[in-house]
Amino acid sequence: MESPSASNPSDALLGRDLLSSADLSATETQELLILAAELKAGRRSIDLGGKVLGLIFSKASTRTRVSFTVAMARLGGQTLDLNPSVTQVGRGEPIADTARVLSRYCDALAIRTFAQAELAEYAHWSSIPVINALTDLEHPCQALADYLTLAERFATADDGRLDLDRLQGLTLAYVGDGNNVAHSLMLCGALLGVNVRIGCPVGFEPNAAVLEQSRRLAAARGSEVAVLHAPVAAVRGAHALYTDVWASMGQEEEKAERQRAFAGWCLNEELVAEADPSAIVLHCLPAYRGLEISAGVIEGSASRVFDQAENRLHAQQALLAALLGG
Ligand code: CP
Ligand code: NVA
C-alpha cells in the first residue's frame, strides 16, 4: 500500500461517522495521523468557522472531554455540553428524537456511553457525524493518539515529518484487560501494519469478533494480531508496551475480583526489561499506580504517557477537520 504524503485528508471522510477504528481505511487512518502531526508542528492551520460539536457524555472523562473542547476552540468552533443529566435524555427522551433534534442545531456529536448499540442508534438517527468518544466496545479516538505517539518515536523522517511506512513490522504489546482500548488498538494497529499482541489472563481476552476483524485487516497489511496468556511472552522484544485499568467504567463492582485475577500482570520494571531497549511505555490514563502499572514505569524514561495524552488534542483536531471539512 502506498502511504499518503499529502497533509490533506481526502474528502472521503466528510460527513462520516467514526464509531469504530475499522470505520477508517488504512489510507484514511494514515492521512489523519499525518494531518495531526502537521497541525501539531504548526505547519497547517484549519478553520472550522463557527461549527458546533455536541458532547453527550454518560461516563466521566477528563482527557476526551477537554481535548475535544480545546480542539474545537482552536479550530474556531465551539462545543456544547449535552451531558444526559442536564438534558431530556436523562429523563427518557428517545434517542431517535434527540438525535434528529440535535442534528438541526449541531454540526457533529461526540458520544461517550456504555453500549455500542446506543452509539449506533444515535448515528442511525443523526444527519451529522457521530464520533465514538468511548463505549464499552471501542475507543477509536484514543487509538489515533496512541499510534501518533508511536509514529513520533519510530516513524519520523529526517525532515521531521511522519513516514508511516516505518510503522510496518513494529510490535505493540498491550498487557491487561481485553477491553475497549485494546480493541481499538488491535483494529487501528492492524490498519497501520503494526503487529499487536494482547497479553491477558485467561477469561479476559478481547472480543472474539473484534479479534477476527483485526486479524483480517492485519493480514492485508502483512502484520499479525496475537493473544497470549503469559506477560513475559507478550512483551518480549516489543517496541511499545501499553496497559489500561483492570476494571473499566461500569465494572466498579468487579474491582476486587479483577485485582485477584490480574495478579502478576502489572506493567513493571521486570516486564519493561523484556521489551526492545528502545521501547516506549503508553497508558491511556487514568492510571492506577501499583495495580496495572508500577509508579517507576509510568514515571520512567520510557514513558510517553503525557505526550500521548497531548496527542488526543492533535489527533481529534485532524479528525474534526476531516469530518467537518475545515
Ligand atoms: N483516556 C481517556 O479517554 O481519558 P478520559 O476518560 O479522561 O477521557
Ligand atoms: N478502559 C477504560 C478506559 C478509560 C479511558 C474504561 O473504559 O474505563
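Just so it is clear, the structure is predicted and the values come from calculations on it, not from any experiment.

## Section: the packing of aromatic side chains
In step 1: This structure, assessed with the given rule, holds three aromatic pairs.
In step 2: A centroid spacing of 5.8 Å and a plane angle of 35 degrees characterise the contact between Y174 and Y242, whose relative ring orientation is tilted. Of this pair, Y174 sits in strand β5 (residues 171-175) while Y242 sits in strand β8 (residues 240-243), and the two are 68 residues apart along the sequence.
In step 3: The exposure class assigned to Y174 is buried, which follows from its relative accessible area of 0%.
In step 4: The class for Y242 is buried, based on a relative accessible area of 0%.
In step 5: Plain terms: the ring middles of W246 and F262 are 5.3 Å apart, the flat faces sit at 10 degrees to each other, and that makes the pair stacked. Placement of the pair is W246 in the loop between β8 and α9 (255-261) and F262 in the loop between α9 and α10 (269-272), with a sequence separation of 16 residues.
In step 6: Residue F262 is classed as buried on the basis of its relative accessible area of 0%.
In step 7: Ring pairing ties together the aromatic residues F204, W246 and F262, which thus form one cluster.
In step 8: Positioned above the aromatic ring of F114 is the side chain of K59, whose terminal nitrogen or guanidinium carbon lies 4.5 Å from the ring centre.
In step 9: Against the face of F154 rests R153, its NZ or CZ located 4.6 Å from the ring centre.

## Let's talk about the sheet that holds β5
In step 1: The strand order β7-β6-β5-β8-β9 describes an open sheet built from five strands, whose pairing is parallel. In this open sheet, the two edge strands, each paired with only one partner strand, are β7 (225-228) and β9 (280-283). The average undirected angle you get between the axes of adjacent strands in this sheet is 20 degrees.
In step 2: Sheet strands touched by helix α6 (residues 180-191): β5, β6 (195-199), β7 and β8. Its angle to β6, the strand with the most contacts, is close to 160 degrees.
In step 3: Running over the sheet, helix α12 (residues 305-324) touches β8 and β9 and is turned about 50 degrees from β9.

## Remarks on the pattern of salt bridges
For side chains bearing opposite charge, pairing can occur when the charged atoms are close.
In step 1: The tally for this structure, following the rule as stated, stands at 14 salt bridges.
In step 2: Across the salt bridge formed by R161 and E38, the nearest N and O atoms sit 3.0 Å from each other. Taken together, the residues R161 in the loop between α5 (140-154) and β5 and E38 in helix α1 (residues 26-41) connect sequence positions 123 residues apart.
In step 3: Residue R161 is classed as partly exposed on the basis of its relative accessible area of 37%.
In step 4: Of the residues examined, E38 reaches a relative accessible area of 6% and is grouped as buried.
In step 5: Across the pair K59 and D136 runs a salt bridge, and its minimum N-O distance is 2.6 Å. A residue pair is termed long-range when its members are at least 10 positions apart, and K59 in the loop between β1 (52-57) and α2 (63-74) and D136 in the loop between β4 (130-132) and α5 qualify at 77 residues.
In step 6: If you follow the salt bridges from partner to partner, you end up with E38, R43, D159 and R161 in one network.

About the cut-offs
Residues numbered from 1 in each chain as written. Chains lettered and ligands numbered in written order. Predicted model: local features only at pLDDT ≥ 70, side-chain atom pairs only at ≥ 80, totals over all residues. Heavy atoms only, no water. Phe/Tyr/Trp six-rings, centres within 6.5 Å; stacked < 30°, edge-to-face > 60°. Helix = DSSP H or I, 4+ residues; strand = E, 2+ residues; numbered from the N terminus. Buried < 20%, exposed > 50% of the residue type's maximum accessible area, 1.4 Å probe, protein only. Lys NZ or Arg CZ within 6 Å of the ring centre and 35° of its normal. Pairing = 2+ DSSP bridges. Axes fitted to C-alpha atoms, helices over the stretch in contact; angles between N-to-C directions. Contact = heavy atoms within 4.5 Å. Salt bridge = Lys/Arg side-chain N within 4 Å of Asp/Glu carboxyl O.

None of this, on its own, says anything about what the molecule does.
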